[in-house]
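Structure at a glance
Single-letter residue listing:
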Amino acid sequence: MDAEKGPRRRRGLTGALFTTPERHPTLNDVLNRRTRAPIDLFSFYIYMRDQQRSVDYLDFWLDVSQHMTLCRHYVRDLRRSVLADTPEGASKRSSGNTAGGMDVAEAYDSAAGPSEKRSASDNRISQVLRDNRSQHSKSNSQNSNNTSAPSVPRRPSHSPSARSGRSARSLRSARSARHLSSSSATPGTGHERSGSSSTPQTNVNRADVRASAERILYTYLLPGAEREIILPQSIVNEITEEIEQNGRDDPEVFDAAKDYVFQAMDRDAFPGFLQSKALGNLVSGSLMLRLILGLLGLFAAFWAGFILIFLDKSSSTRCWLILPFTIGTYTLNSYEWMLDPLLAFIGLSEYTFMSFTRIHEPYVRQLLLKRAAIAFLTFLIIDVALCVLFILVPGKRL
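Please read these numbers as outputs of a predicted model, since none were measured by experiment.

1. Digging into the side chain of D383
- Mapped onto the fold, D383 is located in helix 17 (residues 362-392).
- R318 is the oppositely charged side chain nearest to the buried, salt-bridge-free D383, at an N-O distance of 15 Å.
- With sequence-adjacent residues up to four places away left out, D383 is seen in contact with F325, T326 and T329.

2. Some details on helix 11 (residues 233-245)
- Between its first and last C-alpha atoms helix 11 spans 17 Å; for 13 residues at 1.5 Å apiece the expected length is 18 Å, and the two agree.
- Here helix 11 has its buried residues at I235, V236, I239, T240, E242 and I243. All buried residues of helix 11 fall inside an arc of 165° around its axis, so they share one side. More than 90 degrees from the buried face of helix 11, the exposed residues found are S234 and Q245.
- Phi turns positive one or two residues past the end of helix 11, at G247, with a value near 75°.

3. Focus: the UniProt feature "transmembrane region" (unreviewed entry) in the protein
- UniProt annotation of "transmembrane region" (unreviewed entry) refers to residues 287-311 and 372-393 when read in the numbering used here.
- The span residues 287-311 is 96% helical and 0% strand by assignment, and the distance between its end C-alpha atoms comes to 36 Å.
- With 95% helix and 0% strand, residues 372-393 has its two end C-alpha atoms placed 31 Å apart.

4. What about helix 13 (residues 284-310)?
- Taking 1.5 Å per residue as the helical rise, helix 13 with its 27 residues ought to reach 39 Å, and the 39 Å between its terminal C-alpha atoms agrees with that figure.
- The inward-facing, buried residues of helix 13 contact helix 14 (315-318), helix 15 (322-337), strand 1 (348-352) and helix 17.

5. Regarding the pattern of salt bridges
- Under the defined criterion, the tally for this structure stands at 12 salt bridges.
- Taken together, the salt bridges that share partners define one network made up of D56, D59 and R227.

6. Overview of the packing of helix 10 (residues 206-221) against helix 11
- Interaxial distance between helix 10 and helix 11 falls to 11 Å at its minimum, and their mutual angle equals 150°. Here helix 10 lies roughly antiparallel to helix 11, going by the angle between them. Read as a crossing pair, helix 10 and helix 11 show a hand that is left-handed. In this structure, helix 10 uses R210, A213, E214, L217, Y218 and L221 to contact helix 11, whose residues at the interface are V236, I239, T240, I243 and E244.
- Taken together, the residues that form the contact of helix 10 with helix 11 break down as seven nonpolar, one polar and three charged.

7. Considering the pairing of strand 1
- Burial runs high along strand 1: four of the five residues are buried.
- In terms of strand pairing, strand 1 meets strand 2 (residues 355-358) through four bridges, oriented antiparallel. Along strand 2, the bridge assignment pairs T352 with S355.
- The antiparallel pairing of strand 1 with strand 2 creates a hairpin that spans two residues between the two strands, and M354 there sits at a positive phi of about 65°.

8. Points about the environment of N203
- In this structure, N203 sits in the loop between helix 9 (190-196) and helix 10.
- Overall, the relative accessible area of 66% leaves N203 in the exposed class.
- In sequence terms N203 and H73 are 130 residues apart; their C-alpha atoms lie 7.9 Å from each other.
- Look past the residues within four positions of N203 in its chain and what remains in contact with it is D77 and D208.

9. Some words on unusual backbone geometry
- Going from A37 to P38, the amide bond is cis rather than trans, its omega being 10°.
- Structurally, P38 can be placed in the loop between helix 2 (27-31) and helix 3 (41-52).

10. Digging into the environment of L311
- Examined against the element boundaries, L311 turns out to sit in the loop between helix 13 and helix 14.
- With a relative accessible area of 35%, L311 lands in the partly exposed category.
- The spacing of L311 and K396 is 85 residues in sequence and 6.6 Å in space, taken between C-alpha atoms.

11. Points about the side chain of T352
- With respect to the helices, strands and loops of the structure, T352 is situated in strand 1.
- For T352, the residues in contact, after removing those within four places along its chain, are I46, R49, D50 and V283.

12. Side note on the environment of H73
- Along the chain, H73 falls in helix 4 (residues 55-84).
- On the accessibility criterion, H73 (7% relative accessible area) is buried.
- For the pair H73 and V204, spaced 131 residues apart in sequence, the C-alpha to C-alpha distance is 6.5 Å.

Calculation criteria
Residues numbered from 1 in each chain as written. Predicted model: local features only at pLDDT ≥ 70, side-chain atom pairs only at ≥ 80, totals over all residues. Heavy atoms only, no water. Helix = DSSP H or I, 4+ residues; strand = E, 2+ residues; numbered from the N terminus. Buried < 20%, exposed > 50% of the residue type's maximum accessible area, 1.4 Å probe, protein only. Lys, Arg positive; Asp, Glu negative; His and termini not counted. Salt bridge = Lys/Arg side-chain N within 4 Å of Asp/Glu carboxyl O. Contact = heavy atoms within 4.5 Å. Expected span 1.5 Å × (residues − 1). Arc of directions from axis to C-beta. UniProt positions renumbered as here; feature names shortened; annotations may be inferred. Axes fitted to C-alpha atoms, helices over the stretch in contact; angles between N-to-C directions. Parallel < 35°, antiparallel > 145°, perpendicular 65-115°, else oblique. Left-handed = near helix turned anticlockwise from the far one by under 90°. Nonpolar A, V, L, I, M, F, W, Y, C, P; charged D, E, K, R; others polar. Pairing = 2+ DSSP bridges.

Below, the structure written as structure tokens:
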């Protein structure tokens, strides 16, 4: 009950825009896939790609979140293997109440948001990864010191070919998780979505975690990277040193970069996204098309109206002016409001040019209906005034 009431108590900076009891969504809600169209993660991804031209920042954030999920799976499997080696842990595992599984499950929905809002379970995951790395390095150093007696060389547990294959699988799983998050299907609740991917298809080993951390570094952070994002140099240097020199691959190594990207999107991109999707239902291409059609329609209406007046045509003939005046006034009014009233009345919103999705968020639908009613009333008043003026004014032949 508390988890369901919590989100409704929070309010944002632009909460006054919504007149319904529900508050407007935050960036954390959108990234956690707790919202529905037209303010869902898929629409935000399209907005970052087409409007902001900075989708690499969102992809970086999603990949870091996917890395956190990969680390959770690894720690869960590690704890299960440890518990399975003890009689007490085996009995708990058989009963289905392993402590490791509970620790990971309770933190699954906390991937999104700044690092200071992460749960204690997420911090324990990073600590377990660091402890496991230190224990692994100690065991390797002890094995290297015990070389006094000749022995047969032991084959490494992870061959290069197997490691590359596992890395490829981890990359494919990361891409599939990111594409799944941008699905246009109607999402369910947050618990349903997190539960759909909580069980991995294969076991995760430390090589997968290491490959995931290195991929993020080499794809987004290093100078000249394939999809380099602009971050403070101090953050980039610190992450590079921790991964390449200190051998870290736990999620906390990306905290500074993740917080910086989150705050940048929350400050620069998300307000515009809410403005375009919660207060309007048109994209920039449709707005420009309506501006052109509106100017042409009004130009044709005024040109034909003055000609018919100065030719002293009858009022019945001048009734044809209703058509260009209506088209020009409606399209210009839609451009001014960034909203097509007819689309709002039937519950549709445009996410790409001439591609529409149904509005599922109740308070967004109510807000768009109110704005559409005001915009449509404004259009009617202006259209009727112009038509009456040019139809009923006395003509005079020049």
